[in-house]
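Each chain, letter by letter, is given below.
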Amino acid sequence: MDPQEALRILEAERTRGLLLIAEVSSTDELEAAKVSLLGRKARFTDVQRSLGSFGEEDRRRVGMVANEVRSALQTALDERWRILSGMEEARLLEVDAVDVSLPGRRLRSGSLHPLTIVQYEIVDIFTRMGYRVVEGPEVEDQWHNFDALNIPPDHPARTLMDTTFLDVPGHPELVLRTHTSPMQIRTMEAQRPPVYVIVPGRVFRNEEMTAKNMPVFHQVEGLAVDEGISFADLKGTLETFYRALLGPAQQVRLTPSFFPFVEPGAQVEVSCFACNSSGCRTCGYTGWIETLGAGMVHPKVLENVGYDPERYTGFAFGGGYDRMAMIRFGIPDIRSLWENDGRFLEQFEGIA
Amino acid sequence: MKIVLSWLREFCPIDLSPDALGGLLAGKGMHVESVLRPWEGLEGVVVARVLEVRDHPSSDRLCLARIDIGSTEREVVVGVRNMGPGDLVPYAGPGARVPALPEPLESRKIRGVLSEGMICSARELGLSADHSGILVLAPHDPPSAPGADFKAAFGLDDVVLDLEIETNRPDELSVVGVAREVSAATGVPFTPPDTSVAEGGGSASEAASVEIRDLERCPRYLARVIRGVRIGASPIPVQARLTAAGMRPLSNVVDATNYVMLEMGQPMHPFDLDLLEGRGIVVRRATNGERLVTLDEVERELGSDDLVIADRTKSVAIAGVMGSATAEVSETTTDVLLESAYFEPRGIMRTSRRLMLPTEASMRFSRGADPEAVAPAADRAARLMIGWSGGGTVLAGAIDVGGAPERKRLAIRSERASLVIGHEVSTDEIVDVFGRLGVGVEKAEGSVVVEVPSYRPDLEREEDLIEEVVRVQGYESVRATLPGIKQAGDAGPSYALRRRVRETLVRAGLREALSLSFASASDLELMGHAGGVRLANPPSAGEPFLRTSLIPNLLRALTGTLYRGARGAALFEVGHVFRASDPIEEREVVAAAITGPARQGLYGGPRVLDFFDARGALEALMEALSVGDWHLGDTLGRPFHAGRSSEVVVSGDVVGVIGELHPALAKPLDLPDRVAVFELDVEAAALHAGPGVRYRDVPRFPPVRRDLAFTLDAGIPAAAVRAALEEAVGDLLDSCTLFDVHAGAPLPEGKKSLAFAIDFRAPDRTLTDEDASVAVARAVERLAGEFGAELRSG
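Reference entry: report on the structure contained in this document. Here the residue numbering is sequential within each chain, running from 1 through the sequence in written order. For this description, chains carry letters from A and ligands carry numbers from 1, given in the order in which they are written. Selection of residues for local features in this predicted model requires a pLDDT of at least 70, selection of side-chain atom pairs for listing and counting requires 80 or more, and totals for whole chains, interfaces and linings are taken over all residues.

Looking now at the overall build of chain B. When helices and strands are tallied, chain B shows 21 helices and 39 strands. Considering only C-alpha atoms, chain B reaches an extent of 130 × 85 × 55 Å along its principal axes. Considering chain B as a whole, with its 794 residues, one finds that 44% of them fall into the buried category. By definition, residues are in contact whenever their C-beta atoms, placed on the basis of the backbone, come within 7 Å of each other. Considering only residue pairs separated by 6 or more positions, chain B has 69% of its internal contacts joining residues 24 or more positions apart. Only DSSP runs of H or I reaching four residues or more are called helices, and only runs of E reaching two or more are called strands; each is numbered from the N terminus. Each residue is classified by how many other C-beta atoms fall within 10 Å of its C-beta atom, where C-beta atoms are placed from the backbone; a count of 20 or more means buried, 12 or fewer means exposed, and values in between mean partly exposed.

Looking now at the overall build of chain A. Tallying secondary structure elements over chain A gives 13 helices and nine strands in all. Our radius of gyration is a C-alpha quantity, and the globule rule it is checked against amounts to 2.2 Å times the number of residues to the power 0.38. Computed over the C-alpha atoms, the radius of gyration of chain A is 44 Å, more than 25% above the 20 Å expected from 2.2 N^0.38 for a compact globule of 352 residues. Counting only C-alpha atoms and orienting by the principal axes, one finds that chain A spans roughly 130 × 50 × 40 Å. Per-residue burial over chain A gives 43% buried out of 352 residues. In chain A, once contacts between residues fewer than 6 apart in sequence are set aside, the share between residues at least 24 apart is 68%.

Turning our attention to the interface of chain B and chain A. Frequently, the measure chosen for interface size is the accessible area that the parts lose on association. Every contact between the two is made by 74 residues of chain B and, on the other side, 72 residues of chain A. When residues of the side of chain B that touches chain A are traced back to their parent elements, those giving at least two are helix 8 (345-354), helix 9 (360-367), helix 11 (414-421), helix 13 (462-473), helix 14 (493-507), strand 27 (511-512), helix 16 (551-563) and strand 30 (569-579) of chain B. Of all the elements, helix 13 of chain B adds the most residues to the side of chain B that touches chain A, at six residues. Side-chain classes are defined by residue name, with Ala, Val, Leu, Ile, Met, Phe, Trp, Tyr, Cys and Pro counting as nonpolar, Asp, Glu, Lys and Arg as charged, and the others, Gly among them, as polar. Of the residues contributing to the side of chain B that touches chain A, the split by class is 36 nonpolar, 18 polar and 20 charged.

Bringing the pairing of strand 22 (residues 393-396) of chain B into the picture now. Residue and element names in this part refer to chain B. By the bridge criterion, two bridges tie strand 11 (residues 199-203) to strand 22 in an arrangement that is parallel. Bridging from a neighbouring strand, Ser 203 pairs with Ala 396 of strand 22. Think of it this way: DSSP has to see at least two bridges between two strands before they count as a pair. In this sheet, strand 22 lies alongside strand 13 (residues 220-227) in antiparallel orientation, the contact comprising two bridges. Bridging across to strand 22, Arg 227 finds its partner in Thr 393.

The end-to-end C-alpha separation of helix 20 (residues 718-729) of chain B is 16 Å, in line with the 16 Å expected for 12 residues at 1.5 Å each. One or two residues past the end of helix 20 of chain B sits B:Gly730, with phi positive at roughly 75 degrees. Helix span is expected to be 1.5 Å times the residue number reduced by one.

With that settled, the discussion passes to the pairing of strand 8 (residues 113-116) of chain B. Residue and element names in this part refer to chain B. Bridge count for strand 7 (residues 107-110) against strand 8 is four bridges, and the pairing is antiparallel. What sits directly across from Lys 109, in strand 8, is Leu 114. Here strand 7 folds back onto strand 8, and the loop between the two strands holds two residues, one of which, Arg 111, carries a positive phi near 50 degrees.

Let us look at helix 6 (residues 236-244) of chain B. Residue and element names in this part refer to chain B. Where burial is concerned, most of helix 6 is hidden: eight out of the nine residues are buried. Buried within helix 6 we find Ile 236, Val 238, Gln 239, Ala 240, Arg 241, Leu 242, Thr 243 and Ala 244. Where helix 6 terminates, the next one or two residues include Gly 246, which has phi positive at roughly 95 degrees.

As a further point, take the environment of B:Val374. Residue and element names in this part refer to chain B. By secondary structure assignment, the location of Val 374 is in helix 10 (residues 374-389). The exposure class assigned to Val 374 is buried, which follows from the 26 C-beta atoms found within 10 Å. A C-alpha to C-alpha distance of 6.8 Å links Val 374 and Gln 266, two positions 108 residues apart in sequence. In this structure Val 374 touches Arg 220, Leu 222, Gln 266, Ser 340, Ala 341 and Tyr 342, once residues within four positions along its chain are discounted.

Turning our eyes to something else, we now look at the sheet that holds strand 15 (residues 280-285) of chain B. Residues and elements named next belong to chain B. Strand order in the open sheet made by the five strands is 12-15-18-19-20, with mixed pairing throughout. Two strands in the sheet have a free side with no partner beyond their single neighbour: strand 12 (209-212) and strand 20 (322-323). Pairing geometry for strand 18 (residues 307-310) and strand 19 (residues 315-318), over three bridges, is antiparallel. From the neighbouring strand, Val 308 faces strand 19, where its bridge partner is Ile 318.

Attention shifts here to the environment of B:Ser549. All names here are of chain B. Inspection of the secondary structure puts Ser 549 in the loop between strand 29 (545-546) and helix 16. Once the C-alpha coordinates of Ser 549 and His 529 are considered, the two residues, 20 residues apart in sequence, prove to be 8.8 Å apart. Setting aside anything within four residues of it in sequence, one finds Ser 549 in contact with Met 527, His 529, Val 577 and Glu 679.

A few words on the nonpolar core. Residue and element names in this part refer to chain B. Ranked by size, the top nonpolar core spans 282 residues in total, and within it Ala 223 and Ala 592 carry the most contacts. Per-element tally for this core: the top contributor is helix 10, with nine residues. For Ala 223, the contacting residues outside a window of four places in its chain are Ala 204, Ala 208, Val 210, Ile 281, Leu 337, Leu 338, Glu 339, Ala 398 and Ile 399. Ranked by size, the runner-up nonpolar core spans 16 residues in total, among them Leu 712, Phe 756, Phe 760 and Ala 772. Any set of buried Ala, Val, Leu, Ile, Met, Phe, Trp, Tyr and Cys residues joined through C-beta atoms within 7 Å is what this text calls a nonpolar core.

Before going further, it helps to examine unusual backbone geometry. Here the residue pair A:Glu263 and A:Pro264 is connected by a cis peptide bond, since its omega of -5 degrees sits within 30 degrees of zero. Positionally, A:Pro264 belongs in strand 7 (residues 262-271). A cis amide bond links B:Asp582 to the next residue, B:Pro583, at an omega of 0 degrees. With respect to the helices and strands, the residue B:Pro583 is situated in the loop between strand 30 and strand 31 (585-595). Positioned with a positive phi, B:Arg279 is a non-glycine residue whose angle comes to about 50 degrees. By the element assignment, B:Arg279 lies in the loop between strand 14 (268-272) and strand 15. The backbone phi angle of B:Ser626 is positive, close to 60 degrees, even though this residue is not glycine. With respect to the element layout, B:Ser626 can be found in the loop between helix 17 (611-624) and strand 32 (630-632).

What follows concerns the environment of B:Pro358. Residues and elements named next belong to chain B. With respect to the helices and strands, Pro 358 occurs in the loop between helix 8 and helix 9. Residue class for Pro 358 comes out partly exposed when judged on the 14 C-beta atoms lying within 10 Å of it. For Pro 358 and Ile 348, which are 10 residues apart along the polypeptide, the C-alpha to C-alpha distance reads 9.9 Å. Discounting chain neighbours no more than four positions away, the residues touching Pro 358 are Ser 352 and Met 363.

Let us now look at the sheet that holds strand 30 of chain B. Residues and elements named next belong to chain B. Sheet architecture is open: seven strands sit in the order 27-30-31-35-34-33-32, paired in mixed fashion. Strand pairing shows two members of the sheet lacking a second neighbour, strand 27 and strand 32, which therefore form its edges. When strand 33 (residues 640-650) meets strand 34 (residues 653-661), the two strands line up antiparallel, connected through seven bridges. Following the sheet pairing, Ser 645 is matched in strand 34 by Gly 659. The angle between two axes is taken between their N-to-C directions and runs from 0 to 180 degrees, where each axis is a line fitted to C-alpha atoms and a helix contributes only its stretch in contact. Where helix 14 meets the sheet, its contacts fall on strand 27, strand 30 and strand 31, and the angle it forms with strand 30 comes to roughly 155 degrees. Against the sheet, helix 16 engages strand 30, strand 31 and strand 35 (675-681), with an angle of about 30 degrees to strand 31.

Written out as structure tokens, the structure is:
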């Protein structure tokens, strides 16, 4: 090949190359075009290989043109690559497109029972205040459930409790605990003051199932026994508790009431949070919701566990929280707490 | 206790609205259950004078009455002919309303004669149950004239407060007791009822006798004798009050005792003196098997713990509970022996409970009546009987056997009161409080000695007096303080553990359920549990046991939720289960039950939840409890699927069960074939809890990964193969994941393939292929030797 021939070929390849590059429609074709233009068997490569046979002047002249052609083709190839690969990528994504309005794949969480949720809230408030959680057996003996709590046999308060008795030969003393209060006794039997405990648990009253009553329900009991504990401390503790649970505007009212194991005794009511105390069905149009029984631990109870009532005083409170959960979540029928209907349970998925 | 307001005002003339009074009483411990207006439905009824009574022209039974209603005359048709010219009767004209009828009255023709309204019976006016005839006003009724508004004339515009009385305050089961509290709260003076009685015509002790044979059960028995009474109806306002207070007016003599019981809290009983054999009362225990027909016409069998009132030959009443017809006051009675006694409370409680016979009297006696009220209440009742029966004589004196105990004297220290209440209480303030209650006190140095009134059995020690102080001062006067707690709060390990259990299962997608603690015989049978704990009086007769397992209730919950249209459910419960032993075994367990499609909706597939979903939840649970050393042990029999169940073993102890329900049991329980459950003794498992999370250095060198598939006999457990594989690989093992289990073509019958992805790694260098190959060779050799396993690929 002579230099003239070489220059002619270079020009022809430049023209053919630019045309070819412009025509290809895929990156694969472009790759093939690149091979045919600049590959080992390409005519351009033939030219480069023959450069060595030219004189110095020709070699420099043809070499310059060859570089120029390579650079032009390379630029065109790169540019075309950019366009084609962009188009191909877009096509790929288009094929892979989804309807983003379809629902997401979720990891479904389970749910806590609403009574557990409320129990945790109550327990958390009291543990933050310095109380320890204790729990006790659901099968209880009558000493702990009644006698030690100053409720002797034939006492009206004992007969009003609708006790469920066990049928265990040789153990007529066994009952299903009618309240969490026996844990007052068990706790004090097991330790010396100061005592600050909170007792959540299941209790039993032999009642018919209705929209308002179940033979099984849940109570939480609090007990504080120390030197210098007063009725004012009880009042302040309950106010603090209810404001933490229900909101800072909550009003708490104590009125005289009788429970054999406290003296003075009180009935505890909170201002109705369903109607802001203006009166509604939830509060029976009174503006107040009865929540707990409370009072100063009766000296006889302290004597029964070997505490000196002259040295130690204490307060106790207790009440069901099933109703609290019902009011809190707007559940009208207590039986639905026990039906375990999926449509009921799933509503508490987001909580806790 | 229903308190009629006008009655209350007789003893404490307050001027308060029912609402204001209700608020005041609540603050003193008497909550208002309801405010009643018994005669709301009575309007426009007037007093009328009967002018003439004629036969109805077309009825034998009916009659016509011409009446004068003050302004004019009317004619009405009447059903009963018990009134005559001159009688005053209640008349409800057109437009008037009576409680017994839903609509106002109209003029209407009855058998062809126009009746302009009606004249009324006591029942139609809501006064009593008496519907035997027209209510004819008696001479002892308040005077009134034709045309007078009946409601106003007889005080029927009264309001009644139904109060909830605490069981320790029997004194508040009376109008007088409530009046005393109202007086203490308002400062409006309290006036006791008039108990003066005119006596004459011989002495009671000559006319009758009383003998108490059990002074412990009956510390005091007083009898008065009233001669020459005429049995009849009580005055209308008296009947109205009794009705409003919830009692039935019967006759003047009986009404007088009931009236005074409601008023003063002392139950009394009138006997017909002529029907008492030997005109004597004997208070004694019943003999075993002694029978008595009580006034409710039920024959009662008595025992030696029951106290009876008897005459010389027979029992005539169950003491403090109910009388019998034997010596009851009747229309022919002329001489009355009036019983007023004090009975020991617990005995009355036992008898009334055993006979399931709670009465107004037994309620008061069993809570503790006032032993000092025995005489004044009898005087008051005798006074009213004479007044209401238009004659008769109260014989002089009372036969009063036994007596009231001496009043207790209790001290209250101002320092102690201040400590318990939480604010300073002076002796002067204490004196003031008891002064308001009308209770006698003596002031001493730093304390006050209180003479406890006989009507306050609840005041037994200093604390009771302290309650009186804060109660009368008002609970609202107490400030709010907090105790200085010098300990950190703590949920405790056991509570925290169960909280972690719940949280883990919730994260695993299970929903917490809650079920009652009871079980039926078939629940126990289902679980194959003997030794359920039996209840003596189960709330539901069909479930006489305490639950031995949470599983039956969870299965019922699944059935229920599927029945209501759910496709599946995954439930768990944490709760107590019980087994008979001595002492009773009570354990806290967690159980789960799952069934239905693994996923639902758009991304759901054909897979249903099964054993491995339950196992997955169990694995998560064990991890949360930091229990490392656990495995599944022997397979289980019914109610489980023998091929898909196992004991759960932690450190050698069986602490639970896991498995699918036996398919044959699913159908009768209305459940799908695949229901997976587990139950785990939480505390037992946690006994073997490991130390929890310990940090290990993150590896710095890359792993070499090999996938190994082995063919071996189908019966060999994967866990055993894996354990051997891991052991053979040894120190270089970083992780080993079983990623495929396959049986069937192209494998021969009875063979399966297990494929593991293994990461090899060394902590101190980058492993070579050579290192991995050596380990693989070791593993292949071990598995070939131990299980006859062949390497398919790797």
